[in-house]
Amino acid sequence: RRVRGPKLPHMKLRLTIYSLILLSFVLSIDAGFFNFNVSIAYGGALVQRRAQYSRDDSPWGKDPSFLKWNANFEGTAGNLEVVVVSYDLLHSGQVGKKSRGGFSICCTENALRNNISCIGKIIAKNDSQSTSKFWHWTVQVPSTQEQVINFTESGVYFFLVGCVDHDRRYQVSGQTEWKNPYGYLQGTIVFWLPVYFSFFILYTLLFLGWCILCVLYRHDIMGLQLAITFVILIGGIENLIWAFNYTRYNIVGYNLESVNLIGAVLTSVKLTIGRALLLLVCLGYSITKPYLTRPQTVSFALVTILYFLPIFGTEYITVLEALGKDVSPLLEYLTDLALAFLSTCLLYTSPSPRDRQKSR
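Analysis parameters
- Residues numbered from 1 in each chain as written.
- Predicted model: local features only at pLDDT ≥ 70, side-chain atom pairs only at ≥ 80, totals over all residues.
- Heavy atoms only, no water.
- Helix = DSSP H or I, 4+ residues; strand = E, 2+ residues; numbered from the N terminus.
- Contact = heavy atoms within 4.5 Å.
- Areas by Shrake-Rupley, 256 points an atom, 1.4 Å probe, with all protein chains shown as cover.
- Phe/Tyr/Trp six-rings, centres within 6.5 Å; stacked < 30°, edge-to-face > 60°.
- Buried < 20%, exposed > 50% of the residue type's maximum accessible area, 1.4 Å probe, protein only.
- Lys NZ or Arg CZ within 6 Å of the ring centre and 35° of its normal.
- Polar contact = N/O pair within 3.5 Å; in protein donor to acceptor, adjacent residues only side chain to side chain.
- Axes fitted to C-alpha atoms, helices over the stretch in contact; angles between N-to-C directions.
- Parallel < 35°, antiparallel > 145°, perpendicular 65-115°, else oblique.
- Left-handed = near helix turned anticlockwise from the far one by under 90°.
- Nonpolar A, V, L, I, M, F, W, Y, C, P; charged D, E, K, R; others polar.
- Core = buried A, V, L, I, M, F, W, Y, C linked by side-chain atoms within 4.5 Å.
- Disulfide = S-S within 2.5 Å.
- Patch = residues over 30% accessible without salt bridge, like charges linked within 9 Å, V, L, I, M, F, W, Y side chains within 5 Å.
- Salt bridge = Lys/Arg side-chain N within 4 Å of Asp/Glu carboxyl O.

**Re the overall build of the chain**
Within the chain one finds 8 helices and 12 strands. Put simply, of all contacts in the chain between residues at least 6 apart along the chain, 77% involve residues at least 24 apart. Accessible surface for the chain amounts to roughly 18,500 Å². Of this, 63% is attributable to carbon and sulfur atoms.

Structure below.
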């Protein structure tokens with residue numbers, strides 16, 4: 001089973017100090033390139049977050065670690081803020097202000113009256129500008145901007161466009177490009193790349209060894225053991241697909257949704273067949289029983305098919321979360337609940353009339 005990768009630290013950003021405001025867009029981006037076209041009003045913001053390695057801390061590769069963004073700002077004359085800040089500075093209070101349920105980012109009149117230090121429209125201490133984890137730009141609207149920043153320290157970074165005045169609404173469109181020293185994979189999932197290649201090699205060796213044993217003992221082999229060969233083959237193909245997908249992602253910066261779907265299907269098929277084989281063994285098929293009764297066959301087929309649906313949903317959600325996408329908690333809860341219910345289903349096997357007669 002795929003193990004969930006480490007998640008980026010989640011946090012709530014507030015744009016005012018005394019009121020709870022939901023962000024219009026909160027994105028943990030799943031690709032090196034991200035195109036956006038959003039309308040931002042008071043209380044709204046565009047937020048992206050990524051885990052970035054510095055060149056010195058990178059597990060491999062020595063290319064620059066950078067964020068390149070370009071955006072076109074349209075609307076009534078005014079200004080807004082573009083900020084790139086690390087989670088460390090937000091958590092320590094050097095940028096932003098901790099408040100109930102999250103962080104306050106934007107400087108307001110109340111903040112100024114309370115002598116809170118501000119840089120532009122951002123709550124930030126003056127010494128935060130001397131760090132290599134905080135950048136900000138006050139952008140005049142309408143205009144077009146393009147900037148490149150290099151990350152010299154590793155961490156989780158947030159890209160924020162917001163702090164709009166009460167009576168303003170701006171249309172913001174553009175693209176961000178995030179790149180680590182080794183490529184476009186973000187820091188929380190980069191180590192899946194060697195893992196999948198290692199699993200593919202191990203599955204290949206296991207498949208060859210298993211096939212040799214099946215040939216040597218072909219006269220005594222059972223149907224269940226041939227099915228195990230198929231499961232091992234699916235496992236090898238599955239890990240090869242994930243290795244290919246992550247390698248392509250790391251090189252070009254885009255993720256293929258179709259490959260994610262195929263990989264999730266193969267993983268689900270492998271787990272479903274493995275569970276089906278276990279059920280057959282528990283039913284005694286090909287071990288103590290040459291065949292299953294009709295009720296047992298129907299129940300076995302029904303439980304197996306129903307098991308595939310939630311396991312596929314769970315695996316696909318796992319893929320999306322590992323890549324950084326936000327998934328509805330309700331959808332995740334329902335798939336986990338269905339999977340837990342079907343995992344506890346037992347097939348009751350009662351002896352058939354023929355078995356009773358033989359036992360007398």
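Text resumes after the structure shown.
**Considerations on the packing of aromatic side chains**
Geometry of an aromatic ring pair is reported as the spacing of the ring centres plus the angle between the planes. Summed over all chains, the structure comprises 16 aromatic pairs. Both rings, one in tryptophan 192 and one in tyrosine 196, keep their centres 5.4 Å apart while their planes meet at 20°; by these two values the pair is stacked. Of this pair, tryptophan 192 and tyrosine 196 both sit in helix α3 (residues 192-216), separated by 4 residues, roughly a single helical turn. Accessibility assignment for this pair places tryptophan 192 and tyrosine 196 in one class, buried. One aromatic cluster is present, formed by Tyr53, Trp60, Tyr182 and Phe191 through successive ring pairs. Seen from the ring of tyrosine 307, arginine 275 lies directly overhead, with NZ or CZ sitting 4.3 Å from the centre.

**Some remarks on the side chain of serine 143**
On the secondary structure map, serine 143 appears in strand β10 (residues 134-150). Within the local environment of serine 143, its side chain forms a polar contact with the backbone oxygen of glutamine 140, the two atoms lying 2.4 Å apart. Non-local contacts of serine 143, meaning those with residues more than four positions away in its chain, are made with Ala71, Asn72 and Phe73.

**Quick word on the packing of α3 against helix α4 (residues 223-252)**
The relative placement of two packed helices is expressed as an angle between their axes plus a distance between the axes. Contact pair α3 / α4: the axes reach a minimum separation of 8 Å and the direction vectors enclose 155°. Our classification of the angle between α3 and α4 gives roughly antiparallel. For the crossing formed where α3 meets α4, the hand is left-handed. Within the contact of α3 with α4, the residues separate by chemical class into 19 nonpolar, 6 polar and no charged.

**Considering the nonpolar core**
Ranked by internal contacts, the top residues of the largest apolar core, which has 24 residues, are Phe73, Leu80, Val82, Val84, Phe159 and Val172. Contributions of two or more residues to this core are made by β3 (33-41), β5 (66-86), β10, β11 (155-162) and β12 (169-179). Sequence-distant contacts of leucine 80, that is, excluding residues within four places in its chain, are made with Phe73, Trp137, Thr138, Val139, Val141, Val161, Gly162, Cys163, Val164, Tyr170 and Val172. Within the second largest apolar cluster, 18 residues are counted, among which are Ala51, Leu89, Ile122 and Phe134.

**Quick word on the packing of α4 against helix α5 (residues 257-283)**
As a packed pair, α4 and α5 sit with axes 9 Å apart at the nearest point and diverge in direction by 160°. By the angle between their directions, the pair α4 and α5 is classed as roughly antiparallel. Like other packed secondary-structure pairs, α4 and α5 cross with a definite hand, here left-handed. Here the residues of the contact of α4 with α5 sort into 19 nonpolar, 6 polar and 2 charged.

**Points about the environment of leucine 277**
Checked against the element boundaries, leucine 277 lands in helix α5. Judged by its relative accessible area of 15%, leucine 277 falls in the buried class. Sequence spacing of leucine 277 and valine 231 is 46 residues, and the spatial spacing of their C-alpha atoms is 9.9 Å. The residues touching leucine 277, leaving out its near neighbours within four places in the chain, are Leu224, Ala227, Ile228 and Val231.

**Description of unusual backbone geometry**
The step from valine 141 to proline 142 runs through a cis peptide bond, and the omega angle for that step is 0°. Along the polypeptide, proline 142 turns up in strand β10. Even without being a glycine, cysteine 163 presents a positive backbone phi close to 60°.

**As for the state of the cysteines**
Scanning all chains against the criterion turns up 1 disulfide. Sulfur-sulfur distance for the disulfide between cysteine 106 and cysteine 163 comes to 1.8 Å. Torsion about the S-S bond of the cysteine 106 and cysteine 163 cystine: about -90°, corresponding to left-handed handedness. In this pair, cysteine 106 sits in the loop between β7 (102-104) and α2 (109-113) while cysteine 163 sits in the loop between β11 and β12, placing the two residues 57 residues apart along the sequence. In this structure cysteine 214 is not part of a disulfide, and its nearest cysteine sulfur, from cysteine 211, lies 6.2 Å away.

**Structural notes on a nonpolar patch on the surface**
A cluster of nonpolar residues, Phe199, Ile201, Leu202 and Leu205, forms a patch on the protein surface that exposes about 400 Å² of accessible area. Looking at the element boundaries, leucine 205 is found in helix α3.

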